[in-house]
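Descriptive analysis of the structure
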Amino acid sequence: MLQFKKTFRNFLPIVTSLSFNNEVSLIVSHLNLIFVLKFLKDHIGSQYKILSCISGVDFLGKDYRFCIAYDLLSIQFNNRLRVKIFVNEITSINSCCQVYINADWWEREVWDMYGIYFEKHPDLRRILTDYGFEGYPFRKDFPLSGYTELRFDESLKRVVIEPVELAQEYRIFDYELPW
């Protein structure tokens, strides 16, 4: 691993960090993501041939609101690596489907849940929510009750989409002690 760090350091500036349980994470720019993933997959010193997961995290209120983490596995060296990139709401990311073909579904899931757009993705469409769904459920500013409600109407014999109606209005509680 030491030789790998020396070789990789010559290409571009990367922040390496050790996290919980001595897991190694690389924090790279979203512009260099494809280059880094190709290097990690094809270089003789790393051989991270398996992309095991792509996940997203929302840090509401930060300049770079979203973190996208790519979990890689090297069978040859029995090692795991996490590559992280940080982006804001309007930044798009290049799709890594050309490097790891199994990234297709995970990128669709991240797009569906967080609204992070992946450029050059072969089939970027909703995967977990309905096609008419508005919003992105894993964003921290998404309302807990959602915007619409789906229910089956017995009289119409079909699914009906209605705006959410709360059964009771919000109450204001006065917590001051009466004595």
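Anything mentioned here points back to the structure above.
This is a predicted model, so every value here is computed, not measured.

1. Structural notes on the pattern of salt bridges
All told, the structure shown has 10 salt bridges when counted by the stated rule. One salt bridge connects Arg65 with Asp58, and the closest N-O pair in it is separated by 2.8 Å. Residue class for Arg65 comes out buried when judged on its relative accessible area of 4%. The class of Asp58 is buried, set by a relative accessible area of 2%. Glu162 is the salt-bridge partner of Arg151, the closest N and O atoms lying 2.9 Å from each other. Remark: Glu162 occurs in strand β9 (residues 158-163) and Arg151 occurs in strand β8 (residues 148-153); sequence separation between them is 11 residues. Exposure remark for Arg151: the relative accessible area of 34% places this residue in the partly exposed category. Salt bridges sharing partners connect three or more residues here, namely Asp58, Arg65, Glu89 and Asp141.

2. A closer look at the pairing of strand β4 (residues 66-74)
Across a regular strand the side chains alternate sides, sitting on one face of the sheet and then on the other. Across the nine residues that make up β4, a large majority, nine, are buried. Neither face of β4 is exposed, since Phe66, Ile68, Tyr70, Leu72 and Ser74 on one face and Cys67, Ala69, Asp71 and Leu73 on the opposite face are all buried. Summarising the sheet, strand β3 (residues 50-58) and β4 pair through eight bridges and their orientation is antiparallel. Its bridge partner lying in β4, Leu51 is registered against Leu72. Alignment of β4 against strand β5 (residues 79-87), held across nine bridges, turns out to be antiparallel. In the strand pairing of β5, Tyr70 is matched with Val83.

3. Things to note about the packing of aromatic side chains
If you walk through the whole model with that rule in mind, you get four aromatic pairs. Here the aromatic rings of Phe66 and Tyr114 are separated by 6.1 Å at their centres, their planes lie at 70°, and the arrangement is edge-to-face. Linking Phe66 in strand β4 with Tyr114 in helix α3 (residues 103-114), this pair joins segments that are 48 residues apart in sequence. Put simply, the rings of Phe66, Tyr114 and Phe138 touch in pairs and so form one group of aromatic residues. We note Arg108 situated over the ring of Trp105; from NZ or CZ to the ring centre the distance is 5.5 Å. Cation over ring: Arg126 sits above Trp111, and NZ or CZ is 5.6 Å from the ring centre.

4. Overview of unusual backbone geometry
Although it is not a glycine, Lys120 adopts a positive phi angle of roughly 60°. As for its position among the elements, Lys120 is in the loop between β7 (118-119) and β8.

5. Looking at α3
Helix length check: α3 (12 residues) gives 16 Å between terminal C-alpha atoms against 16 Å at 1.5 Å per residue, within 8%. Most of α3 sits out of view: nine of its 12 residues are buried. All of the buried residues along α3 are Ala103, Asp104, Glu107, Arg108, Val110, Trp111, Asp112, Met113 and Tyr114. In this fold, the buried residues of α3 make contact with β3, β4 and β7. Immediately downstream of α3, the backbone of Gly115 shows phi near 80°, a positive value.

Rules used in this analysis
- Residues numbered from 1 in each chain as written.
- Predicted model: local features only at pLDDT ≥ 70, side-chain atom pairs only at ≥ 80, totals over all residues.
- Heavy atoms only, no water.
- Salt bridge = Lys/Arg side-chain N within 4 Å of Asp/Glu carboxyl O.
- Buried < 20%, exposed > 50% of the residue type's maximum accessible area, 1.4 Å probe, protein only.
- Helix = DSSP H or I, 4+ residues; strand = E, 2+ residues; numbered from the N terminus.
- Pairing = 2+ DSSP bridges.
- Phe/Tyr/Trp six-rings, centres within 6.5 Å; stacked < 30°, edge-to-face > 60°.
- Lys NZ or Arg CZ within 6 Å of the ring centre and 35° of its normal.
- Expected span 1.5 Å × (residues − 1).
- Contact = heavy atoms within 4.5 Å.

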